[in-house]
Amino acid sequence: MGETREGGERSPLLGGTPLKGRGVACAAALAMEGLEKAAFFGITANLAPYLTSSALGWGGNQASCARLLFLGASDLLSPVGGWLADVYLGRYGAVAIGFSLYLLAASLLPVTAWPDGRLSVCGRPPVGPTTLNCSWPSGGTRRGTQYCAPTVYAGLLVMALGASSVRANLTPLGADQVRDRGGDATWRRRRRFFNWFYWSTNAGAAFSLPVVAFVQQNVSFLAAYLIPVACLALALLVFLLATPTFVTKPPTGSQVSAMLKLALRNCGRVGLGATRTRKSRRELGDPLPTSGAQPGAPSLQEDLANFRVLARILPVMLTFIPYWMVYFQMQSTYYLQGLHLRIPGVFQHGQDRASILQGYAFPDVWLLLANAVVLLALVPLKDHLIDPLLARRGLLPSALEQMALGMFFGLASILAAGVLERERLQYVRRNQTVPQLVGRDGHPATTPPVWWQVPQYLLMATSELFTSVPGLEFAYAEAPKSMEGAVMGLFFFISGVGSLLGWGLLALLSLPPRGWMRCRGDYGSVAGCRMDNYFFLLAGIQAVTCLLVTWISRGYRSPSPKPGGPHLCTGPEEED
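The structure displayed is predicted, hence computed values, not measured ones.

What counts, and at which threshold
- Per chain, the residues get numbers from 1 upward, laid out in the order the sequence is written.
- This being a predicted model, a pLDDT of at least 70 is required before a residue's local features are given, and a value of 80 or more before pairs of side-chain atoms are given or counted; all residues contribute to the totals for chains, interfaces and linings.
- With hydrogens and water set aside, each side-chain value is computed from the structure's full complement of heavy atoms.
- By the criteria applied, helices consist of DSSP H or I runs no shorter than four residues and strands consist of E runs no shorter than two, each listed in order from the N terminus.
- Note on classification: 1.4 Å probe, protein chains only; a residue is buried when its accessible area is under 20% of the maximum for its type, exposed when over 50%, partly exposed between these limits.
- Residue contacts are defined here by distance: any two heavy atoms, one from each residue, within 4.5 Å place the two residues in contact.
- Among buried residues, the Ala, Val, Leu, Ile, Met, Phe, Trp, Tyr and Cys ones that are joined through side-chain atoms within 4.5 Å form a nonpolar core.
- Fitted lines through C-alpha atoms give the axes, limited to the stretch in contact for helices. The angle between two N-to-C directions lies from 0 to 180 degrees.
- The labels follow the angle: roughly parallel below 35 degrees, roughly antiparallel above 145, roughly perpendicular from 65 to 115, and oblique for the rest.
- Take the far helix as the reference: if the near one is turned anticlockwise from it by less than a right angle, the crossing is left-handed, and if turned clockwise, right-handed.
- Side-chain classes are defined by residue name, with Ala, Val, Leu, Ile, Met, Phe, Trp, Tyr, Cys and Pro counting as nonpolar, Asp, Glu, Lys and Arg as charged, and the others, Gly among them, as polar.
- Two cysteine sulfurs form a disulfide in these notes if their separation is within 2.5 Å.
- Put simply, a salt bridge is a Lys or Arg side-chain nitrogen that is within 4 Å of an Asp or Glu carboxyl oxygen.
- The predictor attaches a confidence to each residue, and that confidence, scored 0 to 100, is pLDDT.
- The criterion for an aromatic pair is that two Phe, Tyr or Trp rings (for Trp, the six-membered ring) have centres within 6.5 Å, with stacked assigned to planes under 30 degrees apart, edge-to-face to planes over 60 apart and tilted to the rest.
- Given the number of residues in a helix, its expected span is that number minus one, multiplied by 1.5 Å.
- The seven residues ending at a residue and the seven starting there each receive a fitted axis; the angle between those axes is the bend at that residue.
- For patch detection, residues must exceed 30% relative accessible area and be free of salt bridges, and they are connected within 9 Å for like charges or within 5 Å for nonpolar side chains (Val, Leu, Ile, Met, Phe, Trp, Tyr).
- Surface accessibility in these figures is a Shrake-Rupley result with a 1.4 Å probe; residues are shielded only by whichever protein chains are displayed.

Peer 1: Just checking my understanding: could you explain the overall build of the chain for this structure?
Peer 2: In terms of regular secondary structure, the chain is built from 19 helices and five strands. Here the chain holds 576 residues, and the buried ones make up 53% of them. The long-range share in the chain, meaning contacts at least 24 apart out of those at least 6 apart in sequence, stands at 80%.

Peer 1: Honestly, the nonpolar core in this entry has me stumped. Any pointers?
Peer 2: Nonpolar side chains in soluble globular proteins tend to be buried together. Counting 111 residues, the largest nonpolar core has Leu51 and Met159 as the members making the most contacts within it. Once residues within four sequence positions are removed from consideration, Leu51 is found in contact with Leu56, Gly57, Trp58, Ala63, Ala66 and Val152. In this structure, Ala45, Leu209, Leu339 and Leu369 belong to the second largest nonpolar core, which totals six residues.

Peer 1: Looking at this structure, how should I read the packing of helix α15 (residues 369-392) against helix α17 (residues 454-478)?
Peer 2: Viewed as axis vectors pointing N to C, α15 and α17 meet at an angle of 50 degrees, and their least axial separation amounts to 9 Å. Here α15 lies oblique to α17, going by the angle between them. Considering the relative orientation of α15 and α17, their crossing is right-handed. Of α17, the residues touching α15 (which contributes Ala370, Asn371, Val374, Leu375, Leu378, Val379 and Lys382) are Tyr457, Leu458, Met460, Ala461, Thr462, Glu464, Leu465 and Phe466. Residues of the contact of α15 with α17, tallied by class, amount to 11 nonpolar, two polar and two charged.

Peer 1: Help me understand the state of the cysteines, please; the structure alone is not making it clear to me.
Peer 2: Think of a disulfide as a covalent bridge from one cysteine sulfur atom to another cysteine sulfur atom. Counted under the stated rule, the structure contains one disulfide. Disulfide partner of Cys122: Cys148, at an S-S distance of 1.7 Å. Linking Cys122 in helix α6 (residues 115-122) with Cys148 in the loop between β2 (141-143) and α7 (149-176), this pair joins segments that are 26 residues apart in sequence. The pair formed by Cys122 and Cys148 is uniform in burial state, with each residue classed as buried.

Peer 1: In this structure, what is going on with the pattern of salt bridges? I would like to understand it.
Peer 2: Think of it this way: side chains of opposite charge can pair up when their charged atoms draw near. Enumeration over the complete set of coordinates arrives at nine salt bridges. Arg167 is the partner of Asp75 in a salt bridge, and the nearest nitrogen-oxygen pair spans 2.6 Å. Remark: Arg167 occurs in helix α7 and Asp75 occurs in helix α3 (residues 60-76); sequence separation between them is 92 residues. Overall, the relative accessible area of 9% leaves Asp75 in the buried class. Since its relative accessible area comes to 10%, Arg167 is described here as buried. Taken together, the shared-partner salt bridges in this structure form one network comprising Glu33, Glu36 and Lys37.

Peer 1: When you look at the side chain of Glu33 in this model, what are you seeing that I'm missing?
Peer 2: Mapping Glu33 onto the fold places it in helix α1 (residues 23-44). In contact with Glu33, other than residues within four places in its own chain, are Leu170, Phe197, Ser200 and Thr201.

Peer 1: Please explain the environment of Phe536 as it appears in this structure.
Peer 2: Note on placement: Phe536 falls in helix α19 (residues 531-555). Here the alpha-carbon distance between Phe536 and Leu415, two residues 121 residues apart in the chain, equals 6.4 Å. If we skip the residues at most four places from it in the chain, Phe536 touches Leu415, Gly418, Val419 and Arg422.

Peer 1: Just checking my understanding: could you explain the confidence of the model for the chain for this structure?
Peer 2: Detailed reading of the predicted coordinates is not advisable wherever pLDDT is low. For the chain, the average pLDDT comes to 75, and 69% of its residues sit at 70 or higher. Ranking the elements of the chain by mean pLDDT puts strand β1 (residues 130-132) last, at 44, and helix α9 (residues 221-241) first, at 92. Note on residues 129-144: pLDDT is under 50 here. Beyond four places in sequence and across chains, it has 35 contacts.

Peer 1: In this structure, what is going on with the packing of aromatic side chains? I would like to understand it.
Peer 2: Each pair of aromatic rings is reported with the distance of its centres and the angle of its planes. One pass over the full model with this rule turns up 26 aromatic pairs. Where Trp324 meets Tyr327, the ring centres are 5.3 Å apart and the plane angle is 85 degrees; that geometry is what we call edge-to-face. Highlighted residues: Trp324 and Tyr327, both in helix α13 (residues 320-327), separated by three residues, approximately one helical turn. Look at Trp324 and you get buried, because its relative accessible area is 5%. Given the relative accessible area of 7%, Tyr327 is considered buried.

Peer 1: Honestly, unusual backbone geometry in this entry has me stumped. Any pointers?
Peer 2: The phi angle of most residues is negative, glycine excepted, and most peptide bonds adopt the trans form. The backbone of Cys148 shows a phi angle near 70 degrees, a positive value even though the residue is not glycine. Judged by relative accessible area, which is 5%, Cys148 ranks as buried.

Peer 1: Would you explain the environment of Gly406 in this entry?
Peer 2: On the secondary structure map, Gly406 appears in helix α16 (residues 399-429). The spatial distance from the C-alpha of Gly406 to the C-alpha of Glu464 is 6.6 Å, given a sequence separation of 58 residues. If sequence neighbours within four positions are ignored, Gly406 has contacts with Ser463, Phe466 and Thr467.

Peer 1: Just to check I follow, could you spell out α7 for this structure?
Peer 2: Along an α-helix, residues three or four positions apart point the same way, because every turn accommodates 3.6 residues. The end-to-end C-alpha distance of α7 is 40 Å, a good match for the 40 Å that 28 residues give at a rise of 1.5 Å each. At Asn169, α7 is deflected by roughly 30 degrees, the largest bend along its length, and proline Pro172 occurs up to four residues later in sequence. Burial runs high along α7: 22 of the 28 residues are buried.

Peer 1: Quick question: what am I supposed to make of the packing of α1 against α7 here?
Peer 2: How two helices sit against one another is set out by the angle between their axes and by the gap between those axes. The contact between α1 and α7 brings their axes to 11 Å, and the two run at 155 degrees. One finds that α1 runs roughly antiparallel with respect to α7. The chirality of how α1 crosses α7 is left-handed. Residues Cys26, Ala29, Met32, Glu33, Glu36, Lys37, Phe40 and Ile43 of α1 lie in contact with α7, whose contacting residues are Met159, Ala163, Val166, Arg167, Leu170 and Gly174. Its residues placed into classes, the contact of α1 with α7 shows nine nonpolar, one polar and four charged.

Peer 1: What is the right way to read a nonpolar patch on the surface from this model?
Peer 2: A contiguous nonpolar patch, built from Tyr88, Leu89 and Ile97 and spanning about 300 Å² of accessible area, is present on the exposed surface. Its location among the elements puts Tyr88 in helix α4 (residues 78-106). Accessibility expressed as a relative area gives 56% for Tyr88, which makes it exposed.

Peer 1: Is there a simple way to explain the environment of Gly471 in this structure?
Peer 2: Mapping Gly471 onto the fold places it in helix α17. Using a relative accessible area of 2% as the deciding quantity, one classes Gly471 as buried. Sequence separation between Gly471 and Gln402 is 69 residues; the distance between their C-alpha atoms is 8.9 Å. Contact partners of Gly471, with chain neighbours within four places excluded, come to Phe320, Met403 and Phe491.

Right, here's the structure in full:
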């Protein structure tokens, strides 16, 4: 076994390795993140088309709800995974169990896509009224009930639980592997780790969206869903093989419970000294349920200090809610806007019958590749050129200042989308539209090409680089040591809240009779919508958020940093 250090932290079994910065452990964490995201996007990219296919025959609304359930639960359950790691499992155990559940539940998808497997886990399709589904190239019928619904929903919820546990704990587990050299040296190394961690996330998306989506839409769902399962199996194998190199930290007790009880008992008295707090608790005769018996468990004074830290960082994290409302437009309204701009006929059905690719359809999810590809280029540029250059001149901004800058880029992106949408509507009013086949559905497209969306995707990718990556860094560095898993889970939980609020606003603006997003005309067309007004409304919300984050970043002062932690209020000192 590896050496056990103060607080129960266990050094790697290969403690004598000369690899600088525990390179094997960090590389393993990055590889697992890339493989997990490849599986995640491979599962979600065409989940709705799979559920509405002739195999299951769900309705469009039913399939969309199932996809939203999985996406929302994957974020909203993240604090549960982080809390379980902090209290019972530790990060290593939470990641191991999360990957195991994830792999087990994901294996249900290829099973249900295989006719014999579908009969074994779902039973025979119900006999009932059916309707013709003209969107399928080979015809087919849509069933009146959700065939295989219990199996599908159970699998999606277990998958979401596994994915949320991995999401909340893999990031801090990877950051723990960066060797603590003290002060700004550790800070710089951890910042680089978060940059490359996010690069791995987008590398997984850049692989999954073109490959898995193309196979799903042009070969078979069975073949395509075997790819995410293989990615998860490989990620779990990498995790197990890298186990001897990991630095692991034990669970430190029920800090969330302690914080809640402390908040209730000390409401209005948080500013009082520790002496009076101890006295009041002795009088009550009911001490807080800390886990003093566990190695590294915080004391009463640390409980109070941790509560104060949470009270400081929570307002910062809440400012991400409007940002995520804007960010997730890239996967919804930006994508919808792109379907109604002219897409070059590289993979469309064209007139050149000699073309090898003639029979293949353009996968509509390829429109989401722009963001991932831009980030794959920007992360190395920032890590190797921009950050070192600014650090040498003492100009490298703090994480909070980078977050404020990134939110301004997000504001610019949503404004660019609004301007483009207003221009697109001018073409619609002049009847300058052409029919367009994307995937297996037709859309009326205006004559401007889809490349007109490049500025808004580029701005949003830049925004993500300067907001989400420093946000992860901020959550890890500022969280109390005994609550890092729960706080990282809260970070992802907030992204889920932002996504749901964005969906809620969109639904509100779709209400009759004068909702901006109530599109008149054919289903799936946005020709009759005022999506430009929706974009400008989001821009107004984001503008207020930008000003708020800028104000917070100027006045925020970090508490005493953890050993080797960054000084986020001032940024690093000049690099050696």
